[in-house]
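# A closer look at the structure
Okay, here's what each chain looks like letter by letter:
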Amino acid sequence: MRESKSATSVGERVGERRVRSTEEWLAYFQQNALQQREIPWQSNGVGASPAEMAPLRRSLQAWQLGETSDGRHLAASADRFAAATNDPAYRDVIDLFIREEQRHGALLGRILDDAGIPRRQADWGDTLFRRLRYSITDIEVWTTPVVMVEVLAMVYYNAIRRATGSPVLRAVCAQILADEVPHVWLQCERLAVLLRNRSRTRFRCTMVVHRVLFLAVMLLVWVGHHRALRAGGYTWPHYRRAAYAKMNRAWRRMDPQCYVWT
């Protein structure tokens, strides 16, 4: 792995693209935890009318539930991967990644509480995704749907931000969106490492499977959240184009040929 001669921020491209070290990702998450945006919480509600919240209500409940996983299964997979690759710091990175996702859940939870919307204890989409994750122990297979959900989360939170004039909800969405971009980069780089020794034929076959899975996940998110997405201006064609534009960038980032290896 090629090291740069000077410190760079996560996501900065210096000459040739390289996979960031686990230590660099650890430093990023530690720093990011100290640089959270200020949320203009209000003493009475979130500054959005009931009519404005109506198409967002059930969707926010479901998404908040999905952001509150304790991460035990991911941590176990990370432990196995860290041991197999002699990279103990990877588990620390994943611990901070999980905390960041839980922080998102806490922000959304307060939005629901302040808006007088009860939190949900179960949702079909969340249950389906959790069962899929819990049945997976291989880090590559686990990471693949996570990248896809993170990509679609960027479309989703942009829609929510556009659907409301609430300064509270817009600030929360901005914070989550800022966090999600490095989340996708981290997982894509990890997949690039895992796919590095795969032949190009096998890599292309893997990408075919990815495209089928992404279509399924994209459809499930639309079915569960189309009212909120439409409130943010995303019709199905707009949503599909935005989702594929972001996912195509993610697929490029997980291609080992996009990096310099030493």
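Predicted model only: the values in this text are computed from it and were never measured.

### Side note on the packing of aromatic side chains
Applying the stated criterion to the full structure yields 13 aromatic pairs. Judged by centre distance (4.0 Å) and plane angle (5°), the rings of Trp-63 and Tyr-156 are stacked. You can see Trp-63 sitting in helix 3 (residues 57–66) and its partner Tyr-156 sitting in helix 7 (residues 139–163), a full 93 residues away along the chain. The residues Trp-63 and Tyr-156 share a single accessibility class, namely buried. Ring geometry for Trp-236 versus Tyr-239: centroids 5.7 Å apart, planes at 50°, classification tilted. Placement of both Trp-236 and Tyr-239 in helix 10 (residues 236–253) is noted, with a separation of three residues, approximately one turn of the helix. Ring pairs connect the aromatic residues Trp-25, Tyr-28 and Phe-29, which therefore count as one cluster. Between the NZ or CZ atom of Arg-17 and the centre of the ring of Tyr-259, over which it lies, the distance is 6.0 Å. Note that Arg-110 overlies the ring of Trp-41, its terminal NZ or CZ placed 4.1 Å from the centroid.

### Here's the deal with helix 7
Here helix 7 spans 36 Å end to end across 25 residues, near enough to the 36 Å set by a 1.5 Å rise per residue. Across the 25 residues that make up helix 7, a large majority, 21, are buried.

### Some thoughts on the pattern of salt bridges
Per the counting criterion, the structure on display carries nine salt bridges. The shortest N-O distance in the salt bridge between Asp-79 and Arg-91 comes to 2.5 Å. Of this pair, Asp-79 sits in helix 4 (residues 72–85) while Arg-91 sits in helix 5 (residues 89–114), and the two are twelve residues apart along the sequence. The partner of Asp-95 in a salt bridge is Arg-91, and the shortest N-O contact between them spans 2.8 Å. Taken together, the positions of Asp-95 and Arg-91, both in helix 5 and four residues apart, correspond to about one turn of that helix. Under the relative-accessibility criterion, Arg-91 is labelled partly exposed at 24%. The network of salt bridges with common partners includes Asp-79, Arg-91 and Asp-95.

### Describing helix 1 (residues 22–32)
Along helix 1, the residues classified as buried are Thr-22, Trp-25, Leu-26, Tyr-28, Phe-29 and Asn-32. All buried residues of helix 1 project into a common sector of 160° when viewed along the axis, lining one side. Turning to helix 1, the residues buried within the fold contact helix 5 and helix 8 (167–194).

### Quick notes on the nonpolar core
Counting residues in each nonpolar core, the largest one holds 51 residues, and the members touching the most others are Leu-60, Val-147, Tyr-157, Tyr-239 and Met-247. At the level of secondary structure, the elements contributing two or more residues to this core comprise helix 3, helix 5, helix 7, helix 8, helix 9 (200–231) and helix 10. For this core, the element with the highest residue contribution is helix 7, accounting for twelve residues. Once residues within four sequence positions are removed from consideration, Leu-60 is found in contact with Met-53, Leu-108, Leu-112, Tyr-156, Ile-160 and Leu-169. Judged by nonpolar contacts, the second largest core, of 19 residues, contains Trp-25, Ala-75, Ile-98 and Val-146.

Definitions and cut-offs
Residues numbered from 1 in each chain as written. Predicted model: local features only at pLDDT ≥ 70, side-chain atom pairs only at ≥ 80, totals over all residues. Heavy atoms only, no water. Phe/Tyr/Trp six-rings, centres within 6.5 Å; stacked < 30°, edge-to-face > 60°. Helix = DSSP H or I, 4+ residues; strand = E, 2+ residues; numbered from the N terminus. Buried < 20%, exposed > 50% of the residue type's maximum accessible area, 1.4 Å probe, protein only. Lys NZ or Arg CZ within 6 Å of the ring centre and 35° of its normal. Expected span 1.5 Å × (residues − 1). Salt bridge = Lys/Arg side-chain N within 4 Å of Asp/Glu carboxyl O. Arc of directions from axis to C-beta. Contact = heavy atoms within 4.5 Å. Core = buried A, V, L, I, M, F, W, Y, C linked by side-chain atoms within 4.5 Å.

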